[in-house]
Amino acid sequence: MRLKDTNKLAQGYVASIPFDRRLYRQDIEGSIAHARMLAKQGIIAKSEAETIIKGLNSIRKKIERGKFQFKTELEDIHMNIEAGLFEKIGDVAGKLHTARSRNDQIALDLRLFVKEEILKTIDKIKALQTSLVELAEANKAVIMPGYTHLQQAQPVLLAHHLLAYFEMFQRDKERFHDCLKRTDVLPLGSGALAGVPYPLDREFVARELGFSKVSTNSLDAVSDRDFVIEYEAAAAIVMMHLSRLAEELILWSSSEFGFIEIGEAFTTGSSIMPQKKNPDVAELARGKTGRVYGNLMGILTTMKSLPLAYNRDMQEDKEGLFDTVDTLHSSLEVFAGMVKTIRVNTERISQAMKTDYILATDLADYLVKKGMPFREAHGVVAKLSKYAMSKGKSFRELGRKEYRKFSPLFSNDVYKITAESSVAARNVVGGTSPQQVGKALRRAKRLIKK
Ligand code: ARG
């Protein structure tokens, strides 16, 4: 329905053109494929299709040159382009909408859009993974404290820690690949809801537009927005991962940690405190995660309890999706750039492990190798640690006699336990030994190339 008679307030309220104009290219591509198919099936004349296609192409150019006048009273991108087509080629424009509804048209536009964006998203995740792998590679030998409960737990290779994020982003890519499978379905040909009374060749349209399947239920095809929800859910998970990385970079670049320095291009100064180098980029990524979660909750709530088939509520799918795509993409891009500028301060990192209590598990494992049951060894080292702390000594500063007080199994080779021996010992698949991490790095590089 045109909104000529609708009051201005309502007109602005129901219009989607301020945001769905972003779909102009998909809308035109879809219309061109539809017109071709209508002609091929003898539903409209070949010459009519040619006129329509020419007209659509010139509208595309006009939009791209910024010369096309979008009108709010024409509601949405579909009506705006159709009106433009009438202006350009006259009444034959009216044949384009044969065997089509805006309901299957918007479902098509959105699927084309999400398909394209998924590929971009995957590329951007890859670029970030590449930066992480480069940083890991450049600091291959650096041993840092690993934490649980944010308390020093066991030494790990910094590269191992960074590759943990590589794994998260690898799963994220898989989620998008999976989402792509369900997005890659042509809804056009479903009409308003019931299918159309024309002999369409939907497979032809699918091939023209690069879809690998056509939808099998017209009611579902016009009311399904699962692919939008899946994209936004996958995006929310990426942002969650990014926000964890952000948090660690913020923590590590604090003066208390001082493990890393983020390049100046990605930090900002304070307007009052001259010494500051604030990790704003990382903080904003952490912050924007909230908006991306919000968009997911928004679309889930919009779709909840909607009866079949199309309802205007569904127009609310777009702004959140666009915002999520833009936020995710800019966050990934800025992170890929920022990670490249990170300088690792190995001095500060080894300083942090100076007291060497982080080797307590290794002392227990040492006793186990000499025959003591692990639980008992755990108890012995707990007492030993308490003692060392009370004396203000690190493990390596304890004398042989002091060790002997806690167990006769301790001998000289206990001094061979170091952060290096600790990581080297964890040579199990997935462990932090240099050998395993070397393998993991090679695997990561292979996966990026794929
Ligand atoms: N602007 C609408 C949307 O985004 C397009 C579909 C409109 N269909 C309708 N019957 N009003 O959902």
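Before reading further, recall that the structure is shown in the block above.
Presented here is an overview of the structure given in this document.

Parameters at a glance
- Residues numbered from 1 in each chain as written.
- Predicted model: local features only at pLDDT ≥ 70, side-chain atom pairs only at ≥ 80, totals over all residues.
- Heavy atoms only, no water.
- Pairing = 2+ DSSP bridges.
- Helix = DSSP H or I, 4+ residues; strand = E, 2+ residues; numbered from the N terminus.
- 1 Å grid on protein atoms, 1.4 Å probe; cavity = no way out; pocket = protein on both sides within 12 Å on 5 of 7 lines; lining within 4 Å.
- Points joined across faces, edges and corners; volume = space filled by probe spheres on them.
- Nonpolar A, V, L, I, M, F, W, Y, C, P; charged D, E, K, R; others polar.
- Patch = residues over 30% accessible without salt bridge, like charges linked within 9 Å, V, L, I, M, F, W, Y side chains within 5 Å.
- Areas by Shrake-Rupley, 256 points an atom, 1.4 Å probe, with all protein chains shown as cover.
- Salt bridge = Lys/Arg side-chain N within 4 Å of Asp/Glu carboxyl O.
- Buried < 20%, exposed > 50% of the residue type's maximum accessible area, 1.4 Å probe, protein only.
- Axes fitted to C-alpha atoms, helices over the stretch in contact; angles between N-to-C directions.
- Left-handed = near helix turned anticlockwise from the far one by under 90°.
- Contact = heavy atoms within 4.5 Å.
- Polar contact = N/O pair within 3.5 Å; in protein donor to acceptor, adjacent residues only side chain to side chain.
- Core = buried A, V, L, I, M, F, W, Y, C linked by side-chain atoms within 4.5 Å.

1. Some remarks on the pairing of strand β1 (residues 143-148)
Okay, so step 1: Direction of pairing for β1 relative to strand β2 (residues 151-157): antiparallel, over a ladder of six bridges. Along β2, the bridge assignment pairs Ile143 with Leu157.
Okay, so step 2: Between β1 and β2, which pair antiparallel and follow one another directly, the connecting turn spans two residues, one of which, His149, has a positive phi of 55 degrees.

2. As for the layout of surface pockets
Okay, so step 1: Volume-wise, the largest pocket comes out at about 410 Å³.
Okay, so step 2: Lining the largest pocket are 18 residues, with Ser253, Ser254, Ser255, Ile260 and Glu261 sitting closest to its centre.
Okay, so step 3: Every element with two or more residues in the lining of the largest pocket is listed here: β5 (260-261) and β6 (343-344).
Okay, so step 4: Broken down by class, the residue content of the lining of the largest pocket amounts to five nonpolar, eight polar and five charged.

3. What to know about a nonpolar patch on the surface
Okay, so step 1: A grouping of Leu193, Leu219 and Leu308 is seen on the molecular surface, where their side chains present a nonpolar patch of about 270 Å² in accessible area.
Okay, so step 2: Mapping Leu219 onto the fold places it in helix α9 (residues 218-223).
Okay, so step 3: Residue classification places Leu219 among the partly exposed positions, given a relative accessible area of 33%.

4. With respect to unusual backbone geometry
Okay, so step 1: Residue Ala309 follows Leu308 across a cis peptide bond; omega there is 0 degrees.
Okay, so step 2: Looking at the element boundaries, Ala309 is found in the loop between α11 (280-303) and α12 (317-340).
Okay, so step 3: Positive phi is not limited to glycine here, since Asp356 has a value of about 60 degrees.
Okay, so step 4: Structurally, Asp356 is set in the loop between α13 (346-352) and α14 (360-369).

5. So, the packing of helix α10 (residues 226-252) against α12
Okay, so step 1: One can describe the packing of α10 onto α12 by two numbers: an axis separation of 10 Å at closest approach and a directional angle of 35 degrees. Between α10 and α12 lies a crossing whose hand is left-handed. For the pair α10 and α12, the contacting residues are Val228, Tyr231, Glu232, Ala235, Val238, Met239, Leu242, Leu245, Ala246 and Leu249 in the first and Asp317, Gly320, Leu321, Thr324, Val325, Thr327, Leu328, His329, Ser331, Leu332, Phe335 and Met338 in the second.
Okay, so step 2: A class-by-class count of the residues in the contact of α10 with α12 yields 15 nonpolar, five polar and two charged.

6. Looking at the side chain of Thr98
Okay, so step 1: Of note, Thr98 is situated in the loop between α5 (77-89) and α6 (102-138).
Okay, so step 2: At 2.4 Å, the side chain of Thr98 forms a polar contact with the backbone oxygen of Lys95.
Okay, so step 3: Not counting residues up to four positions away in its chain, the partners in contact with Thr98 are His34, Leu38, Ile43, Ile44 and Tyr198.

7. Side note on the nonpolar core
Okay, so step 1: Membership of the largest hydrophobic core comes to 98 residues, with the highest contact counts inside it found for Phe176, Tyr231 and Phe335.
Okay, so step 2: Ranked by the residues each element gives to this core, the list is headed by α10, at 15 residues.
Okay, so step 3: Every residue in contact with Phe335, bar those within four places of it in the chain, is listed here: Leu128, Leu242, Leu245, Ala246, Leu249, Val281, Ala282 and Ala285.
Okay, so step 4: Judged by nonpolar contacts, the second largest core, of 37 residues, contains Leu38, Ile52, Ala99 and Ala206.

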